[in-house]
Amino acid sequence: FALTLANIYMWHWEKHTILSKLPSHELYGRYIDDVFFTWNGSEQDVRKILNQANKFHKNIKLEYQISKNLPFLDIFLQNQTGILTSSVY
């Protein structure tokens, strides 16, 4: 039952912190407590959103990585001159 409650709370968290600020043309995905999204705005703007998301609840703190390539779960994602590619480990 704990996993179900965690998913419900994370849905509430993402709805109020990330999804409400993410333009509709961006990609967003979450698996339990791992979140991935694309952002075509400035790095300063996305850091502002992530820092605000860290203030939503004292027990939920993000560790984030901003990069043109990164691992997410069992996938390696890469931005190759505007084209998002992926490969499986």
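Note that the structure is a prediction, hence the values are computed from the model and not measured. (Residues numbered from 1 in each chain as written. Predicted model: local features only at pLDDT ≥ 70, side-chain atom pairs only at ≥ 80, totals over all residues. Heavy atoms only, no water.)

Tallying secondary structure elements over the chain gives two helices and five strands in all. For the chain, the N- to C-terminal ordering of α and β elements is α-β-β-α-β-β-β. Each principal axis of the C-alpha distribution contributes one length, and for the chain these read about 40 × 30 × 20 Å. Out of the 89 residues in the chain, the part that is buried amounts to 21%. Working note: accessible area of the chain is about 6,700 Å², and carbon and sulfur atoms make up 55% of it. Averaging the locations of the 9 positively and 8 negatively charged side chains of the chain gives two centres separated by 10 Å. (Helix = DSSP H or I, 4+ residues; strand = E, 2+ residues; numbered from the N terminus. Buried < 20%, exposed > 50% of the residue type's maximum accessible area, 1.4 Å probe, protein only. Areas by Shrake-Rupley, 256 points an atom, 1.4 Å probe, with all protein chains shown as cover. Lys, Arg positive; Asp, Glu negative; His and termini not counted. Charge placed at Lys NZ, Arg CZ, Asp CG, Glu CD.)

With that settled, consider the layout of surface pockets. Quantified by volume, the largest pocket comes out at close to 1,100 Å³. What lines the largest pocket is a set of 36 residues, and nearest its centre among them are Phe36, Phe37, Gln65, Ile66 and Leu70. Secondary structure elements with two or more residues in the lining of the largest pocket: helix 1 (2-19), strand 2 (34-37), helix 2 (43-53), strand 3 (69-72) and strand 4 (75-80). Per-class residue counts for the lining of the largest pocket are 18 nonpolar, 11 polar and seven charged. (1 Å grid on protein atoms, 1.4 Å probe; cavity = no way out; pocket = protein on both sides within 12 Å on 5 of 7 lines; lining within 4 Å. Points joined across faces, edges and corners; volume = space filled by probe spheres on them. Nonpolar A, V, L, I, M, F, W, Y, C, P; charged D, E, K, R; others polar.)

What follows is about the packing of aromatic side chains. This model, assessed by the stated rule, comprises two aromatic pairs. Centroid distance Tyr28 to Phe37: 6.5 Å. Interplanar angle 25°. Geometry classified as stacked. Owing to a relative accessible area of 24%, Tyr28 belongs among the partly exposed residues under this scheme. Ring geometry for Phe36 versus Phe72: centroids 5.7 Å apart, planes at 45°, classification tilted. Of the two residues, Phe36 is situated in strand 2 and Phe72 in strand 3; the sequence distance between them amounts to 36 residues. Taken as a pair, Phe36 and Phe72 share a single burial class, namely buried. (Phe/Tyr/Trp six-rings, centres within 6.5 Å; stacked < 30°, edge-to-face > 60°.)

Turning next to the nonpolar core. Core analysis: the largest hydrophobic core is formed by 10 residues, namely Met10, Trp13, Ile18, Leu22, Phe37, Val46, Ile49, Leu50, Ala53 and Ile60. Ranked by residues supplied to this core, first place goes to helix 2 with four residues. Among residues more than four places away in sequence, those in contact with Leu50 are Ile18, Phe37, Leu62 and Tyr64. (Core = buried A, V, L, I, M, F, W, Y, C linked by side-chain atoms within 4.5 Å. Contact = heavy atoms within 4.5 Å.)

All right, on to helix 1 then. Counted at 1.5 Å a residue, the expected span for helix 1 with its 18 residues is 26 Å, and the 24 Å between its end C-alpha atoms agrees. A bend of about 25° at Trp13 is the largest found in helix 1. When we look at burial in helix 1, the residues that qualify are Met10, Trp13, Glu14, Thr17 and Ile18. For helix 1, the secondary structure elements touched by its buried residues are strand 1 (28-31), strand 2 and helix 2. (Expected span 1.5 Å × (residues − 1). Bend = angle between axes of the 7 residues up to and from the residue.)

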